[in-house]
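# Structural overview for review
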Amino acid sequence: MYKGRLSEVFVPYMDPSKGWYYKTYFDAGEFGFGSSAISLQPHTDCPPNAVFMDGYYANQDGTPVKISNVFCVFERYTGDVAWRHTEVSIPNEERVEVRPEISLVVRSATVVGNYDYIMDWEFKQSASIKVGASLSGIIEAKASFYTNAQEIKEDVYGTLVAENTIATNHDHFLTYYLDLDIDGGENSFVKAKMKTMKTDGSMPRKSYWSVVRETAKTECEARMKLGEPAGLVITNPNKMTNVGNQVGYRLLPGSPAPPLLLEDDYLQHRPAFTRYQVWITPYNRSEEWAGGLYVDHDHGNDNLYEWTNRDRDIENKDIVLWHTLGFHHIPAQEDFPVMPTVSDGFELRPFNFFDNNAILKTRPSKPLMFHGCNSTSTTP
Ligand SMILES: [Cu+2]
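These lines cover the structure that appears in this document, whether it is placed above or below. (Residues numbered from 1 in each chain as written. Predicted model: local features only at pLDDT ≥ 70, side-chain atom pairs only at ≥ 80, totals over all residues. Heavy atoms only, no water.)

The next subject is the state of the cysteines. All told, the structure shown has 1 disulfide when counted by the stated rule. With a sulfur-sulfur separation of 2.1 Å, Cys-46 is cross-linked through a disulfide to Cys-72. Taking the sign of the S-S torsion, about -90° here, the bridge from Cys-46 to Cys-72 comes out left-handed. On the criterion of sequence distance, the pair formed by Cys-46 in the loop between strand 2 (24-26) and strand 3 (51-58) and Cys-72 in strand 4 (residues 64-87) is long-range, its members being 26 residues apart. Its relative accessible area of 0% is what places Cys-72 among the buried residues. (Disulfide = S-S within 2.5 Å. Helix = DSSP H or I, 4+ residues; strand = E, 2+ residues; numbered from the N terminus. Buried < 20%, exposed > 50% of the residue type's maximum accessible area, 1.4 Å probe, protein only.)

The subject of this paragraph is the sheet that holds strand 9 (residues 158-162). Strand pairs in the sheet, formed through backbone hydrogen bonds, run parallel or antiparallel to each other. With respect to topology, 3 strands assemble into an open sheet ordered 8-10-9, the strand pairing being antiparallel. The sheet is open, and its two borders are formed by strand 8 (141-143) and strand 9, each paired with just one other strand. Adjacent strand axes in the sheet meet at a mean angle of 35°, parallel and antiparallel pairs treated alike. Where strand 9 lies against strand 10 (residues 165-168), 4 bridges are found, and the strand directions are antiparallel. Looking at strand 10, one finds that Leu-160 is bridged to Ile-166. (Pairing = 2+ DSSP bridges. Axes fitted to C-alpha atoms, helices over the stretch in contact; angles between N-to-C directions.)

Around the copper ion, the protein contributes the donor atoms Tyr-115 (OH), His-170 (NE2), His-172 (NE2) and His-329 (ND1), at 1.9 to 2.1 Å from the metal centre. One can describe the site at the copper ion as irregular: its 4 donor atoms subtend angles covering 96 to 143° at the metal. (Donors = N, O, S within 2.8 Å, 3.2 Å for Na, K, Ca; no water. Tetrahedral: all angles 85-135°; square planar, octahedral: opposite > 155°, others 65-115°.)

This paragraph deals with the sheet that holds strand 2. In spatial order, the strands read 2-1-11-17-16; together these 5 strands make up an open sheet with antiparallel pairing. Strands with a single pairing partner mark the edges of an open sheet, and in this sheet they are strand 2 and strand 16 (278-282). Here the average twist between neighbouring strands, direction ignored, is 20°. When strand 1 (residues 3-12) meets strand 2, the two strands line up antiparallel, connected through 3 bridges. If you follow Val-11 over to strand 2, its bridge partner there is Tyr-25.

So, on to the nonpolar core. One finds Tyr-117, Leu-174, Tyr-176, Phe-189, Leu-321 and Leu-348 to be the most contacted residues of the largest nonpolar core, which totals 46 residues. The contacts of Leu-174, once residues within four sequence positions are left out, are Leu-6, Glu-8, Val-9, Tyr-117, Met-119, Ala-133, His-323, Thr-324, Leu-325 and Phe-327. Among the nonpolar cores identified, the runner-up in size contains 16 residues, and Tyr-177, Phe-273, Leu-304 and Val-320 belong to it. (Core = buried A, V, L, I, M, F, W, Y, C linked by side-chain atoms within 4.5 Å. Contact = heavy atoms within 4.5 Å.)

We now examine the side chain of His-329. Residue placement: His-329 occurs in strand 17 (residues 319-329). Within the structure, His-329 has its side chain in polar contact with the side chain of Tyr-115 (distance 2.9 Å). Ignoring any residue separated from it by four or fewer positions in sequence, one finds His-329 in contact with Tyr-115, Ile-139, Asn-169, His-170, His-172, Asp-335 and Met-339. (Polar contact = N/O pair within 3.5 Å; in protein donor to acceptor, adjacent residues only side chain to side chain.)

Take the layout of surface pockets next. Roughly 1,300 Å³ of volume is contained in the largest pocket. Forming the walls of the largest pocket are 40 residues, and the residues nearest its centre are Gly-32, Phe-33, Gly-34, Ser-35 and Trp-289. Put simply, the parts of the chain that give the lining of the largest pocket at least two residues each are strand 1, strand 3, strand 4, strand 5 (95-112) and strand 6 (115-124). Considering each element in turn, the lining of the largest pocket owes the most residues, 5 residues, to strand 1. For the lining of the largest pocket, the residue count by class is 21 nonpolar, 14 polar and 5 charged. At the level of secondary structure, the elements contributing two or more residues to the lining of the second largest pocket comprise strand 4 and strand 18 (339-350). (1 Å grid on protein atoms, 1.4 Å probe; cavity = no way out; pocket = protein on both sides within 12 Å on 5 of 7 lines; lining within 4 Å. Points joined across faces, edges and corners; volume = space filled by probe spheres on them. Nonpolar A, V, L, I, M, F, W, Y, C, P; charged D, E, K, R; others polar.)

Here the focus is the pattern of salt bridges. Taken as a whole, this structure holds 20 salt bridges when the rule is applied. Several salt bridges converge on common partners, so that one network encompasses Arg-76, Arg-107, Asp-120 and Glu-122. (Salt bridge = Lys/Arg side-chain N within 4 Å of Asp/Glu carboxyl O.)

The next point concerns the pairing of strand 5. Regular strands show a simple pattern: their side chains alternate between the two faces of the sheet. When strand 4 meets strand 5, the two strands line up antiparallel, connected through 12 bridges. By the bridge assignment, Val-73 is partnered in strand 5 with Val-106. Note that strand 5 and strand 6 share 10 bridges and pair antiparallel. Looking at strand 6, one finds that Leu-104 is bridged to Phe-123. Taken together, strand 5 and the strand that follows it, strand 6, pair antiparallel across an intervening segment of 2 residues, in which Gly-113 is found at a positive phi of about 65°.

So, about the side chain of Asp-298. On the secondary structure map, Asp-298 appears in the loop between strand 16 and helix 2 (304-308). No salt bridge is formed by the buried Asp-298; its nearest oppositely charged neighbour, Arg-270, is found at 6.0 Å. From its side chain, Asp-298 meets the backbone nitrogen of Gly-300 in a polar contact 3.0 Å long. A distance of 3.5 Å separates the side chain of Asp-298 from the backbone nitrogen of Asp-302, its partner in a polar contact. Those residues in contact with Asp-298 that sit more than four places away from it in its chain are Arg-270 and Gly-291. (Lys, Arg positive; Asp, Glu negative; His and termini not counted.)

Note that every value here comes from positions in space, so none of it alone points to a role or purpose.
This is the structure:
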């Protein structure tokens, strides 16, 4: 990955009435996701083994502004298993090999008005990159004369979360820009579709599934609404593994959350980049922000959807992958007064990139000793 970043965050509220209809926020393009980043708190935002880094952004007159402790970097001991096997087929012998999952996490957090976003980039030893987004903070609510949900006979566009308090339905769409250079600059996008196949009757089975690979030649062929099973692979068609597979990385997407508004509703014009959850564009230095360069002034003609309508060639080119995570948020009482984090994410995972399991030869780690903890069973 040459460069990966969160490109835009679109948060439309679902109350179409006079006082609320305009609440369709672009948390990056209108507010500044980077300039809204906050200093992380040691020991709570990040674990005790974290190292902190300061960051700078340019304010409106170009002056650098420092945010101290804006990133933290730490090793995460997940308690999960990276790989394992117990071999039980050898007579009178049991072989066990287990490797614990230990990864490196880079974290930041941004507070846009009422909402808090915790953004993780996790680098695994297996060479996967996991990108996580966690949402917390204060849900946007409005005053109401209702004190009990059973009294409500009209559409109030949300949930009564406390007496006289309605939290409004809304979405969060997080669109990521992922400039991938898989073992070189020239890459292709392959949809490995899983298709149900019927046998000809000569076998004991009626059906199986097989993989039908389609290389997207242009931008319109590449963009996708997720739902059907498919492997989404960025390959380098010019590089092969030792046994002749094209080297690649696979996108394991987040839960698909398509936009539910009408496409011709005016408020869907600027965020037309949420129409598909996966897009590929040829690299173009002026196309980094899914909602365009000047979101405030835009009428919906400078965004990812409009760019891809040019249907440029993307096969064996320097390409950019775009992926949108979506949260349809029906508020619940537990989200009030401050919301326990809700998380989603996606993974970029090697797919025929290495000749075999990249962490096969990692050594079994020594038992971890945490300060203040004693366990006789783990003493080396
Ligand atoms: Cu929400």
